[in-house]
Each structure stands twice: as C-alpha cells, then as structure tokens.
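This is what each chain is made of:
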Amino acid sequence: MIAGLFFYLFAAVAVASAVMVITARNPVHSVLFLILTFFNAAGIFILLGAEFLAMILVVVYVGAVAVLFLFVVMMLDVDFVELRQGMLNYLPVGATVGFIVLFELVLVIGTWTLSPEALQAAAAPVATGLTNTEALGQILYTKYIFFFQIAGLILLVAMIGAIVLTLRHKQGVKRQNIADQNARSPATAIEIIKVKPGQGI
Amino acid sequence: MTEFLTSTGAVAAFPEITLALSALALLMAGVFLKRTAYDLVNGLAILALAGVAVMVFLADTRATAFNGAFLADEFARVMKLLALLGAAVALILSTSYMKAHKLNHFEYPVLVLLATTGMMLMISANDLVSVYLGLELQSLALYVIAAFDRDNAKSSEAGLKYFVLGALSSGMLLYGASMIYGFTGTTSFPGIAAALANGEASLGLIFGLVFLIAGFAFKVSAVPFHMWTPDVYEGAPTPVTAFFAAAPKIAAMALFTRAMVAPFPSMTAEWQQIIVFISIASMALGSFAAIGQTNIKRLLAYSSIGNVGFALVGLAAGGEEGVKGVVLYMAIYLLTTLGSFACVLAMRNASGQQLEDVKDLAGLARSNKLLAFVFAMLMFSLAGIPPLAGFFAKYFVFMAAVKSGLWALAVIGVVTSVVGAFYYLRIVKVIYFDEPAAPFIPAAPEVKWVIALSGVFTLGFVLFPGPLLALAQAAARSLF
C-alpha cells in the first residue's frame with residue numbers, strides 16, 4: 001500500500017520533471033529538473049530493492065554528469081531560446097512521427113510472449129541475507145576479477161592519453177613552493193628601517 | 001595470495017601480468033625522473049618486452065585462466081611472440097626519431113607496453129568480454145600514440161580519425177557480441193560452440209556474426225572497412241606507423257582467426273563467404289589503389305590492406321592448413337614490413353628532415369648501394385617473387401585455398417598479386433634507374449640493424465624455412 005503510494009509519487013514527479021527539462025526556458029532550470037528526475041528514478045530503484053543501482057544513479061548521474069552539465073550550461077553561453085525557435089513549426093511533424101513509433105511499439109510489445117524459463121532467468125534472485133552491494137562485490141572481485149582489472153587498465157590508458165595530448169607546461173607560471181615559504185625567517189623576510197621624525201624613507 | 005593464483009589460474013597469464021606491472025612501474029619511474037626519463041624508460045621497456053617474450057616462450061601451453069576467459073595455447077604463444085617482436089622492434093626504431101623530433105616523452109614506451117598488453121589479451125581471449133576489453137585496451141593506447149606529435153596537424157588528424165572510426169567499429173563489434181550472447185546465452189567461445197553444435201543457426205545469430213566480423217575487419221583494416229588506414233599511416237609519426245603496421249595487425253588477425261574458428265565451427269559456411277568477399281575486396285583495392293600513391297607511407301598503408309587480404313585467404317580456406325597459412329603469412333609480413341618502415345626511416349635529407357616521397361628514392365642505388373639493395377629485396381618479397389620470403393607466405397595461403405576447393409579465390413589472389421607487383425617494382429625502378437636525387441644522410445645505427453636483419457631474413461628464409469614452418473604448423477594444430 002505504502003510502497004504503491006510512493007511508486008506513484010516518484011513516478012509522477014519523475015515524469016513531470018522530465019517534461020520540465022525540455023520545456024523550461026532557462027537551461028539552468030532544465031538541468032536542475034534533470035537532477036530531480038534522477039532522484040525520483042533512484043527512489044523507484046529503491047522500491048524495487050535495487051539499492052546499489054539507486055546509489056550509483058545518485059552518485060554518478062547526479063554527482064558527476066548533471067553537475068558537469070550545469071558547468072557546461074553556465075560556462076558556454078549557449079543561446080537556448082534561439083535553438084528552440086521554430087519548435088512550434090516542427091511540432092506537428094514530430095508529434096506524428098512520435099505517435100507512429102508509439103503505436104508500433106505497442107503493437108510489437110503487445111504480441112510479445114516470453115517463455116517461462118526466460119522469465120525465471122530474468123528474475124535472478126539475490127541470495128538471502130546479502131545486500132545488492134555485497135552480492136555484486138562478491139562476484140566482481142572473484143569471478144570477474146580479470147575483466148575488472150583490464151577495465152581499470154583501460155581507464156589508466158585514457159588518463160595517460162588525456163594528459164599526454166593536452167597538458168602543456170607553461171613558462172613563467174608562478175607556483176606555490178611550500179618548502180621555500182617555510183624556510184623564510186624574519187632575517188630574510190623583514191627589513192627594519194629606523195625612520196627619523198620629519199624625514200621620509 | 002597463492003590460493004588466489006591457483007584458484008583463478010592466474011599463473012597462465014603471468015606474462016601479461018608482468019607486462020602490465022612493468023608498464024606501471026615504468027610510468028612511475030618516468031613521472032619521478034621527468035626530463036631525462038625517455039632513454040631509461042625506452043630501454044627498460046624493450047627489456048621488459050624481451051623478458052616477457054622469454055616468459056611466453058617458456059610457459060606451458062594449453063592452460064585456461066579466470067573461468068575460461070583467458071586461454072594460453074600454442075597458437076596464442078606463437079602470435080604473442082610475433083606481437084612482442086613487433087612492439088620491441090618498433091620501440092627500437094623510434095629511439096633516434098623521437099629524439100630528433102622532440103617527441104621523446106616517457107609516456108610513449110609506456111603506452112606501447114600497455115597496447116602490447118592489450119594485444120596479448122586479445123590473442124588469448126576466449127570469451128567475448130575479454131575480446132572487447134583486450135581490443136579496447138590496445139586501441140585506446142594506439143589512438144593516443146597516433147596523435148603523439150600533437151602540434152602537427154596531420155598527426156592530430158590521424159589520431160582523431162582513428163579514434164572516431166575505431167569507436168564506431170567497437171560499437172559494431174559490441175552490438176554483434178550482444179546479439180550472439182542473446183541467441184546463445186553465453187559469452188565464452190566453447191560455450192557458444194556447444195550451444196550451436198545442435199540445431200540450425202538462427203537469423204539473429206547470423207546478424208550478430210556479421211556485425212562481429214565488421215568490427216574485426218575494421219581492426220585489421222580489411223576492405224570495406226579500410227578507409228582510416230592511409231590517413232592514419234600517413235599522419236602518425238613514422239615509427240608509430242611501423243608499430244601500427246606490425247604488432248596490432250598480428251593481434252587483430254589472431255583474434256579474428258580464433259573468434260571465427262573456436263566459437264563458430266558449425267557456421268563455417270556462413271562466415272566463410274563473408275571472409276571470401278572481404279579478402280577479394282582487400283586484395284583488389286590494395287593493389288589498384290596503391291598504384292597512384294606518391295607518398296611512401298600511404299603506399300605501404302595500401303600494401304598492408306592488400307596483405308591483410310592475402311592473409312584472409314588463409315582464414316577463408318579454414319582448417320589446419322588455412323590457419324597455418326595465416327600464421328606464416330603474418331610472421332613473414334611482420335618482418336618484411338618492419339624492414340620496409342626501417343628503410344623509410346632511413347630516408348633523411350642533409351638537414352635531417354624525414355622524406356616520405358617515392359621520388360626522393362630516385363637513384364638511391366648510386367648513393368647507398370646496400371640500403372638500395374635491401375629496400376629492393378623487401379619490395380620483391382612483398383610482391384611475392386621467389387625465392388624471397390614473401391613468395392612462401394603467399395604460396396602457403398593459396399595452396400590452402402586450393403586444397404579447400406576455393407579455386408576462384410586463389411586465382412583472383414594470384415592475379416591481384418601480379419597487379420600489386422607493379423607498384424612494388426616501380427619503387428625498385430625508381431631506386432635503380434632514375435636520375436639520382438639528393439643522397440640521404442647515414443641512418444641511425446638501430447635503424448641500420450633492423451634493415452640488415454630484415455634483409456637477412458627475407459633472403460635467408462628459403463634456406464632455413466623449417467623452424468618457422470614448424471611453429472606455424474604447431475600453432476594451427478592447437479586451434480582444432
């Protein structure tokens with residue numbers, strides 16, 4: 001009952017904010033609505049018992065991707081109003097295509113039959129007494145250790161590549177040297193000058 | 001620790017683990033030593049490749065690791081030795097070039113080591129997931145070193161083109177792999193073979209197979225997925241091009257062969273016709289398109305497309321004989337190609353600039369007899385003229401095709417190799433009979449050594465073909 005109520009709450013807010021993402025006038029508002037959509041999707045994942053996916057959604061999508069979007073939107077002064085001009089002109093054609101695709105999807109999925117074995121395989125129950133995270137961790141670091149390690153190497157190569165291709169050592173950039181700063185003493189840093197009254201320095 | 005090693009079978013992957021760890025160690029060394037690091041890191045990287053080659057040579061074969069995702073057999077051993085040789089020679093060739101062009105950053109040898117790790121994983125891949133991961137590890141490192149001369153517009157263009165088209169091909173490969181997984185329920189090669197052993201192959205599976213082959217064809221640069229090759233080969237720094245033409249080709253061809261033969265023995269008729277088509281198309285394009293080229297790096301790129309076509313003749317023939325042809329062809333291609341690129345590296349004018357035009361070779365025979373002779377011999381070998389090594393490479397793949405009844409393919413192969421001989425012979429003509437251009441300055445010592453050894457191999461293979469033939473035979477036998 002309560003779970004059903006929450007499902008409808010999350011689903012309704014998710015759909016509403018998804019609509020707002022594409023209709024909001026201000027691109028910053030769009031991104032904020034996108035974040036709200038992600039949060040609601042995460043809520044639905046929790047209702048399904050997939051708490052790991054929910055956390056990943058929040059950490060990766062909200063924490064990294066959406067914030068990056070926000071940075072891009074705020075730093076690259078893209079004129080979204082201009083981009084959106086003529087939207088009304090294209091709306092009838094777009095809506096027609098969309099409805100045709102929707103109709104076809106309903107036709108296809110409506111006649112879809114699944115074999116009972118496939119349904120069972122899809123359910124793949126998590127062993128009792130284990131959280132999602134534990135269960136994933138237990139196979140990720142044992143059965144799939146090989147793939148996991150290679151994926152790590154691939155990310156390392158990507159990092160080296162990005163540095164090799166873009167890092168430039170500029171001349172004349174002043175950097176903080178903490179050792180130098182700490183080595184300063186009153187003798188090297190301060191000069192005491194006796195100023196006689198009536199005369200300047 | 002030891003329990004982990006035995007339970008996962010990681011012992012079989014010791015060479016790969018060693019290579020990856022030495023790459024990481026060298027990366028650290030480079031970061032802390034900064035400017036002076038290139039020489040040290042490059043030397044140690046070559047040593048690491050040699051050490052890993054010894055480990056591969058001594059390791060016992062027919063071992064699987066990580067739940068069957070990794071397979072070390074005789075085929076993998078031979079191909080890994082070839083790939084390691086290609087990588088090591090490419091690193092040796094780059095020593096002076098990188099310094100002369102101010103590209104001596106320590107990241108280059110580290111990236112080559114990581115790419116080589118990816119190649120070894122590809123060669124040993126026995127599961128669609130490890131195929132993809134190995135391929136990506138290799139490709140990603142290759143994209144970076146293609147653009148290594150980042151202030152040069154051509155090099156950046158090469159890197160970007162390679163990256164975009166490579167990403168596209170990886171996407172196709174993944175799509176095919178996901179369909180194969182969907183229709184067989186497993187990603188492991190023996191599992192797929194078992195699932196297909198009884199019953200007809202479904203249409204969806206054939207779809208997946210086609211996409212998988214398209215992805216592989218991109219990686220070995222077979223027609224119609226070859227478009228990136230000439231631009232990338234021309235734009236990348238020459239030693240990097242030598243590396244591209246050598247080691248990754250070996251690894252991709254090994255992966256292609258294993259991914260056809262191991263999981264799809266029951267669908268031979270389906271994949272064979274695709275391979276026959278791309279083989280004919282590659283041979284034809286390789287010979288006709290190269291005729292109009294004036295840049296020697298582009299010419300060698302088309303030559304490598306044609307050579308892949310010839311090697312694919314062996315794969316199309318299938319069976320032990322065909323795979324033996326592929327292994328032998330790739331081995332001989334590797335050594336000839338490295339020699340040819342070493343010759344290109346020797347083309348420097350008095351101000352130390354690297355020359356890349358065919359007409360710069362004019363009259364080389366009068367200024368540098370030895371270089372001219374070896375260059376001519378390598379070209380004769382690539383054209384497939386007996387008694388040089390290249391003749392035997394072609395002989396064995398065509399014989400395999402004839403034995404498996406692919407007469408038409410063998411005849412087309414011979415005809416295109418005659419057409420291809422035209423542009424190889426044109427280079428010989430330019431070297432020997434044209435009015436001399438400005439002479440080259442003496443090549444760097446390591447380049448000279450590579451040219452000499454490659455020349456000795458090309459000329460001497462006919463006297464001692466036994467060891468290489470035996471290796472290729474053993475490699476082919478282990479796949480069936």
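Our subject in this report is the structure included herewith. Quick caveat: nothing in here was measured; it's all calculated off a predicted structure. (Residues numbered from 1 in each chain as written. Chains lettered and ligands numbered in written order. Predicted model: local features only at pLDDT ≥ 70, side-chain atom pairs only at ≥ 80, totals over all residues. Heavy atoms only, no water.)

## As for the packing of helix H2 (residues 14–33) of chain B against helix H5 (residues 107–123) of chain B
All names here are of chain B.
Okay, so step 1: Where H2 meets H5, the closest approach of the two axes is 9 Å, and the angle between their N-to-C directions is 165°. The orientation of H2 with respect to H5, classified from their angle, is roughly antiparallel. The handedness of the crossing between H2 and H5 comes out as left-handed. Listed contacts from H5 to Pro15, Glu16, Leu19, Ala20, Ser22, Ala23, Leu26 and Leu27 of H2 are Val110, Leu113, Leu114, Thr116, Thr117, Met120 and Leu121. (Axes fitted to C-alpha atoms, helices over the stretch in contact; angles between N-to-C directions. Helix = DSSP H or I, 4+ residues; strand = E, 2+ residues; numbered from the N terminus. Parallel < 35°, antiparallel > 145°, perpendicular 65-115°, else oblique. Left-handed = near helix turned anticlockwise from the far one by under 90°. Contact = heavy atoms within 4.5 Å.)

## Let's talk about the pattern of salt bridges
All names here are of chain B.
Okay, so step 1: Overall, the coordinates contain 16 salt bridges over all chains when judged by the stated rule.
Okay, so step 2: Between lysine 80 and glutamate 16 there is a salt bridge whose closest N-O contact spans 2.7 Å. Of this pair, lysine 80 sits in helix H4 (residues 74–100) while glutamate 16 is found in helix H2, placing the two residues 64 residues apart along the sequence. A single burial state applies to lysine 80 and to glutamate 16, both of which are buried.
Okay, so step 3: The partner of lysine 161 in a salt bridge is glutamate 157, with the nearest N and O atoms 2.8 Å apart. Pair noted here: lysine 161 and glutamate 157 are both in helix H7 (residues 153–184), with a separation of four residues, about one helical turn.
Okay, so step 4: Since its relative accessible area comes to 37%, glutamate 157 is described here as partly exposed.
Okay, so step 5: Members of the salt-bridge network, linked through shared partners, are Lys154, Glu157, Lys161, Asp231, Glu234 and Arg298. (Salt bridge = Lys/Arg side-chain N within 4 Å of Asp/Glu carboxyl O. Buried < 20%, exposed > 50% of the residue type's maximum accessible area, 1.4 Å probe, protein only.)

## Here we look at helix H12 (residues 268–289) of chain B
Okay, so step 1: Between the first and last C-alpha of H12 of chain B there are 31 Å, a value that for 22 residues agrees with the 32 Å anticipated at 1.5 Å per step.
Okay, so step 2: Residues Trp271, Ile275, Val276, Ile278, Ser279, Ala281, Ser282, Met283, Gly286 and Ser287 of chain B constitute the buried set of H12 of chain B. (Expected span 1.5 Å × (residues − 1).)

## Observations concerning the interface of chain A and chain B
Think of interface size as the accessible area that goes away when the parts come together; that is how it is often given.
Okay, so step 1: Contacts between chain A and chain B engage 19 residues on the former and 28 residues on the latter.
Okay, so step 2: With a shortest N-O distance of 3.1 Å, aspartate 151 of chain B and arginine 168 of chain A are connected by a salt bridge.
Okay, so step 3: Where chain A packs against chain B, one counts five residue pairs in polar contact (both at pLDDT 80 or more).
Okay, so step 4: The class makeup of the residues in the side of chain A that touches chain B is 14 nonpolar, three polar and two charged. (Polar contact = N/O pair within 3.5 Å; in protein donor to acceptor, adjacent residues only side chain to side chain. Nonpolar A, V, L, I, M, F, W, Y, C, P; charged D, E, K, R; others polar.)

## Considering a nonpolar patch on the surface
Residues and elements named next belong to chain A.
Okay, so step 1: Judged by side-chain polarity, Val93, Val97, Val101, Phe103, Leu105, Leu107, Val108, Ile109 and Trp112 come together as a nonpolar surface patch covering roughly 920 Å² of accessible area.
Okay, so step 2: Mapping leucine 105 onto the fold places it in helix H5 (residues 87–110).
Okay, so step 3: Taking relative accessible area as the criterion, leucine 105 reaches 46% and is therefore assigned partly exposed. (Patch = residues over 30% accessible without salt bridge, like charges linked within 9 Å, V, L, I, M, F, W, Y side chains within 5 Å. Areas by Shrake-Rupley, 256 points an atom, 1.4 Å probe, with all protein chains shown as cover.)

## Observations concerning the side chain of serine 139 of chain B
Residues and elements named next belong to chain B.
Okay, so step 1: You can see serine 139 is positioned in helix H6 (residues 128–146).
Okay, so step 2: Serine 139 sits in the buried class, given a relative accessible area of 3%.
Okay, so step 3: A polar side-chain atom of serine 139 sits 2.7 Å from the main-chain carbonyl oxygen of leucine 135.

## Notes on the packing of aromatic side chains
Residues and elements named next belong to chain B.
Okay, so step 1: Enumeration over the complete set of coordinates arrives at 26 aromatic pairs over all chains.
Okay, so step 2: Relative to phenylalanine 244, the ring of tyrosine 162 lies with its centre 5.4 Å away and its plane at 65°, an arrangement referred to as edge-to-face. Separated by 82 residues along the polypeptide, tyrosine 162 in helix H7 and phenylalanine 244 in helix H11 (residues 238–261) bring together distant segments of the chain.
Okay, so step 3: Taking the relative accessible area as the measure of exposure, tyrosine 162 reaches 10% and is therefore buried.
Okay, so step 4: Judged by relative accessible area, phenylalanine 244 falls into the buried class, the value being 3%.
Okay, so step 5: Among the aromatic residues, those joined into a ring-pair cluster are Phe391, Phe392, Tyr395, Phe396, Phe457 and Phe461.
Okay, so step 6: The residue whose ring lies beneath arginine 77 is phenylalanine 57, and the NZ or CZ to ring-centre distance is 5.6 Å.
Okay, so step 7: In this structure, lysine 394 packs its charged tip against the face of phenylalanine 310, placed 4.6 Å from the ring centre. (Phe/Tyr/Trp six-rings, centres within 6.5 Å; stacked < 30°, edge-to-face > 60°. Lys NZ or Arg CZ within 6 Å of the ring centre and 35° of its normal.)

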